[in-house]
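Spelled out, the chains give:
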Amino acid sequence: MAIAKAQPGSTLLNPTNHTLIMIDHQSQMSFATHSIDAVTLRNNAALVAKAAKEFKVSTILTTVAEKSFSGPIFDEIKSVFPEQEVIDRTTMNTWEDQRIADRVNAIGKSKIVLAGLWTSVCIVGPALSALDQGFEVYVITDASGDVSNEAHQRAVERMIQLGARPMTSLQYLLELQRDWARTETYNQTVATAIANGGAYGLGLIYAKTMFNASEGH
């Protein structure tokens, strides 16, 4: 018989149990992305980066052919991590770059969270490779994109078939917060939601302005 316990499930993310890898959020990669519009993509990438920064998540930033072809990483990400090294690769599959493998091993987390461009190449590659090597993989699907809806959806389905877990950018932020009584991160979580959380952020502004209300804490 199952017994309910007031504790989170083992597959939920928390600030210390995973590594976030943000992959190829670059100009040239976004030009051909049509499964999500560029404004929404940039907003969601900012939300993920801010969440990772706020909760001190182990984060790897990586680009492909930055200077020769694809351009710099989105400023929405770089401005959040201004001092962090961005690993520039030649490999389409991030997981095949030894520097990434070394960094993942040095961090030592069994859960990997991925977001980037394009889903069917630069996310499928590391997702399937990491799953094959025994990692748990999560994909932030609305901070990723591809050349068509078809390409994005088939890529997500392919990853799910092998065990990857899809999620959204706002879900990522709120899963890290998880309890509004965590006052040390409450204000920044609300600020990030207001800035990048779409209609949910508007709701927070409305409740605070009209009723001086807040999430219970």
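The following paragraphs examine the structure supplied in this document. (Residues numbered from 1 in each chain as written. Predicted model: local features only at pLDDT ≥ 70, side-chain atom pairs only at ≥ 80, totals over all residues. Heavy atoms only, no water.)

1. Quick notes on the packing of helix H9 (residues 183-196) against helix H10 (residues 198-211)
In a pair of packed helices, the angle between the axes and the distance between the axes together describe the arrangement. Here is the rule we go by: Geometry is summarised by axes, namely lines fitted to C-alpha atoms with helices restricted to the contacting stretch, and by angles between N-to-C directions that run from 0 to 180 degrees. Strands are runs of DSSP state E lasting at least 2 residues, helices are runs of H or I lasting at least 4, and numbering of each runs from the N terminus. Throughout this description, any angle smaller than 35 degrees is read as roughly parallel, any larger than 145 degrees as roughly antiparallel, any in the 65 to 115 degree range as roughly perpendicular, and the remainder as oblique. Should the near helix be turned anticlockwise from the far one by less than a right angle, the crossing is termed left-handed; should it be turned clockwise, right-handed. Any two residues having at least one pair of non-hydrogen atoms within 4.5 Å are treated as being in contact.
H10 packs onto H9 with a crossing angle of 120° between their chain directions and a minimal axis gap of 6 Å. Taken together, H9 and H10 sit at an angle that is classed as oblique. Handedness of the H9/H10 crossing: left-handed. Note on element contacts: H10 touches H9 through Gly-198, Tyr-200, Gly-201, Leu-204 and Ile-205, opposite Val-190, Ala-193, Ile-194 and Asn-196.

2. Overview of the environment of Ile-3
Note that Ile-3 resides in the segment before strand S1 (18-23). Counting along the chain gives 106 residues from Ile-3 to Lys-109, while the straight-line C-alpha distance between them is 28 Å.

3. Re the pairing of strand S4 (residues 111-116)
Operational definition: To sort residues, take the accessible area from a 1.4 Å probe on protein chains only and compare it with the maximum for the residue type: under 20% means buried, over 50% means exposed, and anything in between is partly exposed. We call two strands paired when DSSP finds no fewer than two bridges between them.
Burial analysis of S4 places six of its six residues in the buried class, the great majority of the element. Burial of S4 is two-sided: the residues Lys-111, Val-113 and Ala-115 facing one way and the residues Ile-112, Leu-114 and Gly-116 facing the other way are all buried. Bridge count for S1 against S4 is six bridges, and the pairing is parallel. Counterpart to Leu-20 in the pairing with S4 is Val-113.

4. Thoughts on unusual backbone geometry
The peptide bond linking Leu-117 to Trp-118 adopts the cis configuration, its omega dihedral lying at -15°. Of note in the backbone geometry, Ala-65 takes a positive phi value of approximately 45° without being a glycine. Relative to the elements of secondary structure, Ala-65 occurs in the loop between strand S2 (58-64) and helix H3 (66-70). You will see that Arg-178, though not glycine, has its phi angle at about 60°, which is positive. Note that Arg-178 resides in the loop between helix H8 (169-177) and H9. Using a relative accessible area of 31% as the deciding quantity, one classes Arg-178 as partly exposed.

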